[in-house]
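# Reading the structure
Take a look at the letters that make up each chain.
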Amino acid sequence: MSSTIHNISIDCSDTYALAGFWSQVFDCPRQPDDFPGDPEAMLLPPGGPEVLFLAVPEGRTVKNRLHLDLQPADRTRDEEVTRLLGIGATLVDDRTRADGSGWVVLADPEGNEFCVLRSAPERAATSARAAAGDPA
């Protein structure tokens, strides 16, 4: 017997605002019964587990022990990073390598870190170049 992920919970101070940011990241609406000041908010991203935002009194004080790795579905990593910065994410660290591999570390408006990886087509292009012996 094994377990499955029912939801991912994120502690925060403003559930409604943070759910609003992540609703733009995942391109899915907040639940209709979520309102400002609610102690919980929920998102149902397509193809993924529920994301539950829980109000807690304390602020974030240390680096996340768990984070999300996002892979763009319909754009490049750089295009997705630009989009996410435009909706309120902040750049933490750019770990992009010269060959285009690597990732970018961002933080949501409450400081929770997450990574943006290359899209599947970008990964395939790098693999094809490597197989052909092209170092670029």
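For the structure itself, consult the block above.
Residues numbered from 1 in each chain as written. Predicted model: local features only at pLDDT ≥ 70, side-chain atom pairs only at ≥ 80, totals over all residues. Heavy atoms only, no water.

### Some points on the packing of helix α1 (residues 15-26) against helix α2 (residues 77-86)
Closest axis-to-axis distance for the α1/α2 pair is 10 Å, and the angle between their directions is 155 degrees. The orientation of α1 relative to α2 falls into the category roughly antiparallel. Between α1 and α2 lies a crossing of right-handed hand. Where α1 approaches α2, its residues Phe21, Gln24 and Val25 are matched on the opposing element by Glu80, Arg83 and Leu84. Taken together, the residues of the contact of α1 with α2 break down into three nonpolar, one polar and two charged. (Axes fitted to C-alpha atoms, helices over the stretch in contact; angles between N-to-C directions. Helix = DSSP H or I, 4+ residues; strand = E, 2+ residues; numbered from the N terminus. Parallel < 35°, antiparallel > 145°, perpendicular 65-115°, else oblique. Left-handed = near helix turned anticlockwise from the far one by under 90°. Contact = heavy atoms within 4.5 Å. Nonpolar A, V, L, I, M, F, W, Y, C, P; charged D, E, K, R; others polar.)

### Here we look at the sheet that holds strand β4 (residues 68-70)
Pairing is mixed in the open sheet, where four strands are placed in the order β4-β7-β6-β5. Since the sheet does not close on itself, it has two edges, and those belong to β4 and β5 (90-94), each with one partner. Recorded for the sheet is a direction-independent mean angle of 30 degrees between the axes of neighbouring strands. Examined bridge by bridge, β5 and strand β6 (residues 104-107) share four bridges and lie antiparallel to one another. Paired with Asp93 across the two strands is Val105, which belongs to β6. Relative to β4, α1 is tilted by about 35 degrees, and along the sheet it contacts β4 and β7 (113-116). (Pairing = 2+ DSSP bridges.)

### Notes on the environment of Val62
For Val62, the location among the structural elements is in the loop between β3 (50-55) and β4. For the pair Val62 and Asn112, spaced 50 residues apart in sequence, the C-alpha separation works out to 9.8 Å.

### As for the pattern of salt bridges
All chains considered together, the criterion is met by five salt bridges. Of the charged contacts in the structure, one is a salt bridge between Arg75 and Glu80, with a shortest N-O distance of 2.9 Å. The partner of Asp93 in a salt bridge is Arg95, and the shortest N-O contact between them spans 2.6 Å. Owing to a relative accessible area of 29%, Asp93 belongs among the partly exposed residues under this scheme. Looking at Arg95, the relative accessible area reads 43%, which means it is partly exposed. Connected through salt bridges with shared partners, the residues Asp74, Arg75, Glu80 and Arg83 form a single ionic network. (Salt bridge = Lys/Arg side-chain N within 4 Å of Asp/Glu carboxyl O. Buried < 20%, exposed > 50% of the residue type's maximum accessible area, 1.4 Å probe, protein only.)

By themselves, these observations are geometric and do not establish any function.
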